[in-house]
Amino acid sequence: MPKFTKKDRPRGTRSKTTKTGIGSGGDDDMVVDDALSVCSNVSDGTSIYDDTEAAAATTSEVILSSDNPEEKLDSAIEGLRNKDLKTRESSLRSLQVIFSQKFIPELVSDRSESLTEQLIACLKKGNESEGKLAAIVATLFYIQLGEPNDEGFQQFRDALLPVLRDETKSASLRRSYAQAVGMICFIASEDISSTVDLMKTLEAIFSKSYLLNDGTSPILTHDVQELHAAALASWCFLLSTMPNNHAHDLVRLYAPEKIPGLIESSDADLRNQAGETIAVLYEIAQEINSIFAEPPESLLTTLDKKATDSVKYKGKKEKRLQRATFREIFNFFAEGTSPQFTIKFAREVLEISSWTGRLYYNGFSGLLGTGMNVHLKENSFLRSVFNLDDLEAEESQKAKGNRFER
């Protein structure tokens, strides 16, 4: 089982089976009340796919129309060995489509050694477009496997971290690697010390956006700030896996000043990610009854200010998203409310009712795209993340129902 399920803390997600909401997993299956919740990286239409979706559109049609995913999978893996960059990129796009839109853990597991070898080779090359695609596919590879594998995590970590730390590489490529290494660690690593070490590496990146000694934010390019936002998001994912004693120390160190300082960033994504990270920190603090569960008055003032910000140089969309995000965060402290939204898939409904639950949903849906509902229905790992009923029990109940109908 994933390490985060070992905690005795509520996850803020639950499911129920219903005879309504039967669907194929399309966009109409998701029901979100805008008055209750605005997800920053969902509402603005961004995802980890943005740099590669256009090129993958045609590939998607070809792959998904195939009746033989095993053949397509083998062909794509073979393509990763090709010396031609375009061929490798095309193969990576094929794997991206297969892994996100289909759940085929047995086929993937049988080829895990070959996939690991070829994906690590692509990651180590550090080529911009190939590296981004390989980072996405490596993460989807682990979502398919959905099992702890510290040795596998260490292999990918050792391939990702040198590029992530290399400031001569583009911020955009490093951003993809920051997203990948955090998610792979979340899924595969059960070693708390390795997770803590990775969190320190991620903090070394986004800490460069901490407030300066004079209380002002450092002047950074937009691409670098996006890298910092991605590193912070991965850090927050790993924060949610910490045992209570570690979580208590992290709340004490980061909740009062360090993360709140990032709210003053000039970048909207980093501001909103900082706000949501603060909400996760204090939500965990409340769950473990930490003595640091009450925010300082200065933080509440800052949150209230961001919730009513009317700075003219900001775009309407940016201001609307910021106000909605920080209004919800402020209400979490002032009124005790949490994000509330539901996602319908097949005969089930997933109800998100916490900041941690929303963090998970945003992270996985950003990776899986339109395949999110397929994985919610079939992927045991993802179902365990969201506290959905056990698949075997569900199939058993379904079989009983079929016999009854007959």
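Quantities reported herein were computed from a predicted structural model and do not represent experimental measurements. (Residues numbered from 1 in each chain as written. Predicted model: local features only at pLDDT ≥ 70, side-chain atom pairs only at ≥ 80, totals over all residues. Heavy atoms only, no water.)

Moving on: the overall build of the protein. Scanning the protein from terminus to terminus reveals 20 helices and four strands. Look at the contacts in the protein between residues 6 or more apart in sequence, and 74% of them connect residues 24 or more apart. For the protein, the exposed surface amounts to about 18400 Å²; the carbon and sulfur share of it is 47%. (Helix = DSSP H or I, 4+ residues; strand = E, 2+ residues; numbered from the N terminus. Contact = heavy atoms within 4.5 Å. Areas by Shrake-Rupley, 256 points an atom, 1.4 Å probe, with all protein chains shown as cover.)

Here strand β3 (residues 341–345) shows one buried face, formed by Phe341, Ile343 and Phe345, and one open face, formed by Thr342 and Lys344. Pairing of β3 with strand β4 (residues 348–352) involves five bridges; the strand directions are antiparallel. By the bridge assignment for β4, threonine 342 is matched with glutamate 351. Between β3 and β4, which pair antiparallel one after the other, the connecting turn spans two residues, and alanine 346 there sits at a positive phi close to 50°. (Buried < 20%, exposed > 50% of the residue type's maximum accessible area, 1.4 Å probe, protein only. Pairing = 2+ DSSP bridges.)

With that settled, consider empty space enclosed by the protein. Applying the stated criterion to the full structure yields one cavity of 30 Å³ or more. The calculated volume of the largest cavity comes to roughly 40 Å³. Lining the largest cavity, in full, are Glu276, Val280, Trp355, Arg358 and Leu359. Elements with a minimum of two residues in the lining of the largest cavity: α14 (268–287) and α17 (355–368). (1 Å grid on protein atoms, 1.4 Å probe; cavity = no way out; pocket = protein on both sides within 12 Å on 5 of 7 lines; lining within 4 Å. Points joined across faces, edges and corners; volume = space filled by probe spheres on them.)

Phi at asparagine 289 is positive, roughly 55°, even though this residue is not glycine. Summarising the element assignment, asparagine 289 is placed in the loop between α14 and α15 (297–307). With a phi close to 50°, alanine 346 is a non-glycine residue in the positive phi region. Examined against the element boundaries, alanine 346 turns out to sit in the loop between β3 and β4.

Attention shifts here to the confidence of the model for the protein. Averaged over every residue, the pLDDT of the protein is 84; the share at 70 or more is 78%. Below a pLDDT of 50 lies the segment residues 399–406, which in the model reaches zero contacts outside its immediate sequence neighbourhood of four places, other chains included. (pLDDT = per-residue confidence, 0-100.)

A word on the packing of aromatic side chains. Counted under the stated rule, the structure contains 17 aromatic pairs. Ring centres of tyrosine 282 and phenylalanine 333 lie 5.2 Å apart, and the angle between their planes is 80°; this geometry places the pair in the edge-to-face category. Separated by 51 residues along the polypeptide, tyrosine 282 in helix α14 and phenylalanine 333 in helix α16 (residues 316–334) bring together distant segments of the chain. Judged by its relative accessible area of 1%, tyrosine 282 falls in the buried class. One aromatic cluster is present, formed by Phe186, Phe237, Tyr360, Phe364 and Phe381 through successive ring pairs. (Phe/Tyr/Trp six-rings, centres within 6.5 Å; stacked < 30°, edge-to-face > 60°.)

Right, let's get into the nonpolar core. In terms of nonpolar packing, the biggest core is built from 107 residues, with Phe364 and Phe386 touching the most fellow members. Per-element tally for this core: the top contributor is helix α9 (residues 171–188), with twelve residues. (Core = buried A, V, L, I, M, F, W, Y, C linked by side-chain atoms within 4.5 Å.)

Here we come to the environment of arginine 383. Looking at where arginine 383 falls in the secondary structure, it is placed in helix α19 (residues 380–385). Classification of arginine 383 by relative accessible area gives buried; the value is 2%. Expressed as a C-alpha distance, the spacing of arginine 383 and leucine 350, which sit 33 residues apart in the sequence, is 9.8 Å. For arginine 383, the side chain forms a polar contact with the main-chain oxygen of aspartate 389, separated by 2.9 Å. (Polar contact = N/O pair within 3.5 Å; in protein donor to acceptor, adjacent residues only side chain to side chain.)

Further remarks concern the side chain of arginine 88. Locating arginine 88 in the fold gives a position in helix α4 (residues 85–101). With a relative accessible area of 7%, arginine 88 lands in the buried category. Polar contacts involving the side chain of arginine 88 include one to the main-chain carbonyl oxygen of asparagine 82, which spans 3.1 Å. Excluding residues within four positions of it along the chain, arginine 88 makes contact with Gly79, Leu80, Asn82, Lys83, Lys125 and Glu130.

What follows covers the pattern of salt bridges. As enumerated under the stated definition, the model contains 16 salt bridges in all. Across the pair lysine 208 and glutamate 167 runs a salt bridge, and its minimum N-O distance is 2.3 Å. Note that lysine 208 is positioned in the loop between α10 (192–206) and α11 (222–239) and glutamate 167 in the loop between α8 (150–165) and α9, a separation of 41 residues in sequence. Judged by its relative accessible area of 43%, lysine 208 is partly exposed. Where arginine 358 meets glutamate 328, a salt bridge forms, and the shortest distance between an N and an O atom there is 2.9 Å. Within this pair, whereas arginine 358 is found in helix α17, its partner glutamate 328 is found in helix α16, the two being separated by 30 residues in sequence. It is possible to trace a salt-bridge network through shared partners that takes in Glu70, Asp74 and Arg111. (Salt bridge = Lys/Arg side-chain N within 4 Å of Asp/Glu carboxyl O.)

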